[in-house]
Amino acid sequence: MSVAPLWDELAERLLPVFAEYRSHITDLPVEVKADKTLLTEADVAVQRIIIDAIRAREPAAVVIAEEDERQSPREEVTSAGEGRVWVIDPIDGTAEFVREERVEFCSVVCLLENWLPVSAFVLAPELGSGRTPLVVTADARERRLTLNGDTVAPPADPGRERWISATRSAGAPPRAFDPAAAEAGFLLKTRTTSQTLDMVRTVVDLGACTDSPFPAFELFWRREQKVWDGIAGLCLGTAAGMRHCDEDGKPLPATPAFFSQAEPVFTSTVMGRPEVVSWFLDAPH
């Protein structure tokens, strides 16, 4: 099944929903979940639209979705034929979504086959110039990335400023890696927004199509990254020919046992151009 028509449908159906919620965002109730992330009725509504669209095409689809409130192992994932699983984050960056002046939020869908990410869709409804939508897709097998329907290449040589996405909690002390990055000439993005969009910025230069300065990253690094915050970004990285691993240089888990957890979490995630990842693995962190 070609996923391109699904991506087109999702963009068409989700944009009006986002516009409606954002039009009265200051009145939208916000719930704080146990992990201190935020939840709104928009997250639930967007997730339902995505799942319905997938199951209209694939009635028996196995889905891992952030807001499904699973507490027990996902037995249906373990038995997924050919390791075919859909992973959904309805709104990545809900803390940005609920602030009317912010634009760093997105909807994310990733398809796994043989437990590996093969196709990804990222819709950032207001990230483009004039608060217009940006849609990024990836086909890992074809090594193809698109931005608003046009094929794009990964960022070439770094510009004047070299950036790493290495966010940390507000008030957290600098890590061993921070001075090493500064000594190597890197600037660090430390404020948490959408992890997926930071991964997008590692594989696609958005500078020409946004109002705010969103520089491309040379490296993305997180610890304890939930699968719905990262799997689509890993698909983008694969399509871009980038290296991804954990901070010990080991491959990230891609097994039924991992994805069948109620909340699959990568212990650490590192992604970037191979030479930058090699530098990071040798640096203190």
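The shown structure was predicted, so the numbers you read here are calculated from the model rather than taken from an experiment. (Residues numbered from 1 in each chain as written. Predicted model: local features only at pLDDT ≥ 70, side-chain atom pairs only at ≥ 80, totals over all residues. Heavy atoms only, no water.)

> Explain the side chain of R222 to me, please; I cannot follow it from the model alone.
With respect to the helices and strands, the residue R222 is situated in strand β12 (residues 217-226). Look at R222 and you get buried, because its relative accessible area is 6%. A distance of 3.1 Å separates polar atoms of two side chains, one belonging to R222 and the other to D198. R222 has contacts with S165, A166, T167, Q195, D198, S268 and T269, leaving out every residue within four places of it along the chain. (Helix = DSSP H or I, 4+ residues; strand = E, 2+ residues; numbered from the N terminus. Buried < 20%, exposed > 50% of the residue type's maximum accessible area, 1.4 Å probe, protein only. Polar contact = N/O pair within 3.5 Å; in protein donor to acceptor, adjacent residues only side chain to side chain. Contact = heavy atoms within 4.5 Å.)

> Any chance you could explain the sheet that holds strand β10 (residues 162-165) here in plain terms?
Adjacent strands of a sheet pair through backbone hydrogen bonds, lying either parallel or antiparallel. Here we have 5 strands laid out as an open sheet, ordered β11-β10-β12-β14-β13, and mixed in their pairing. Across the chains shown, the open sheet's two edge strands, defined by having one partner strand only, are β11 (186-189) and β13 (243-245). In this sheet, neighbouring strand axes are inclined to one another by 15° on average, regardless of whether the strands run parallel or antiparallel. Pairing geometry for β10 and β11, over 4 bridges, is parallel. The residue bridging I164 from the neighbouring strand is L188, located in β11. (Pairing = 2+ DSSP bridges. Axes fitted to C-alpha atoms, helices over the stretch in contact; angles between N-to-C directions.)

> Quick question: what am I supposed to make of helix α9 (residues 274-282) here?
Residues spaced three or four apart along an α-helix face the same direction, because each turn holds 3.6 residues. Of all the residues in α9, the buried ones are V276, V277 and F280. Buried residues along α9 cover an arc of 100° about the axis, so they all sit on one side. (Arc of directions from axis to C-beta.)

> Could you clarify how one ought to interpret the pattern of salt bridges in this entry?
Oppositely charged side chains may form a pair once their charged atoms are brought near each other. Applying the stated rule across the entire model yields 24 salt bridges. The network of salt bridges with shared partners includes E96, R102, E104, K189, R191, D198, R201 and R222. (Salt bridge = Lys/Arg side-chain N within 4 Å of Asp/Glu carboxyl O.)

> Even after reading the chapter, I still don't get the packing of helix α6 (residues 195-203) against helix α7 (residues 227-239), so can you show me in this structure?
To characterise two packed helices, one gives the angle between the axes of the helices and the distance between these axes. Where α6 meets α7, the axes come as close as 8 Å, and the angle between the chain directions of the two elements is 10°. By the angle class used here, α6 and α7 are roughly parallel. Only W228, D229, G230, G233, L234, L236 and G237 of α7 make contact with α6, whose side of the interface consists of Q195, T196, M199, V200 and V203. Looking at the contact of α6 with α7 residue by residue, the class counts come to 6 nonpolar, 5 polar and 1 charged. (Parallel < 35°, antiparallel > 145°, perpendicular 65-115°, else oblique. Nonpolar A, V, L, I, M, F, W, Y, C, P; charged D, E, K, R; others polar.)

> When you look at the nonpolar core in this model, what are you seeing that I'm missing?
Taken as a class, soluble globular proteins show a tendency for nonpolar side chains to be buried jointly. Residues V85, I231 and F259 are the most contacted members of the largest nonpolar core, which totals 46 residues. The greatest single-element share of this core, amounting to 8 residues, is contributed by α7. If near-sequence neighbours (up to four positions away) are discounted, I231 is found in contact with V87, C110, L112, P117, F259 and F266. (Core = buried A, V, L, I, M, F, W, Y, C linked by side-chain atoms within 4.5 Å.)

> What exactly am I supposed to notice about the environment of S268 here?
When you line up the elements, S268 lands in strand β14 (residues 265-272). In this view, S268 contacts R222, R223, E224, C245, D246, E247 and L252; residues no more than four positions away in its chain are not counted.

> Just checking my understanding: could you explain the pairing of strand β7 (residues 132-139) for this structure?
Within a regular beta strand, the side chains point alternately toward one face of the sheet and then the other, so they alternate between its two faces. Pairing of strand β6 (residues 116-128) with β7, which is carried by 7 bridges, proceeds in the antiparallel orientation. Bridge pairing links L123 to V135 in β7. A loop of 3 residues connects β6 with β7, the two strands running antiparallel in sequence, and G130 in this loop sits at a positive phi of about 70°. Hairpin connection, β7 to strand β8 (residues 144-147): the antiparallel pair is bridged by 4 residues, and R143 has positive phi, about 55°.

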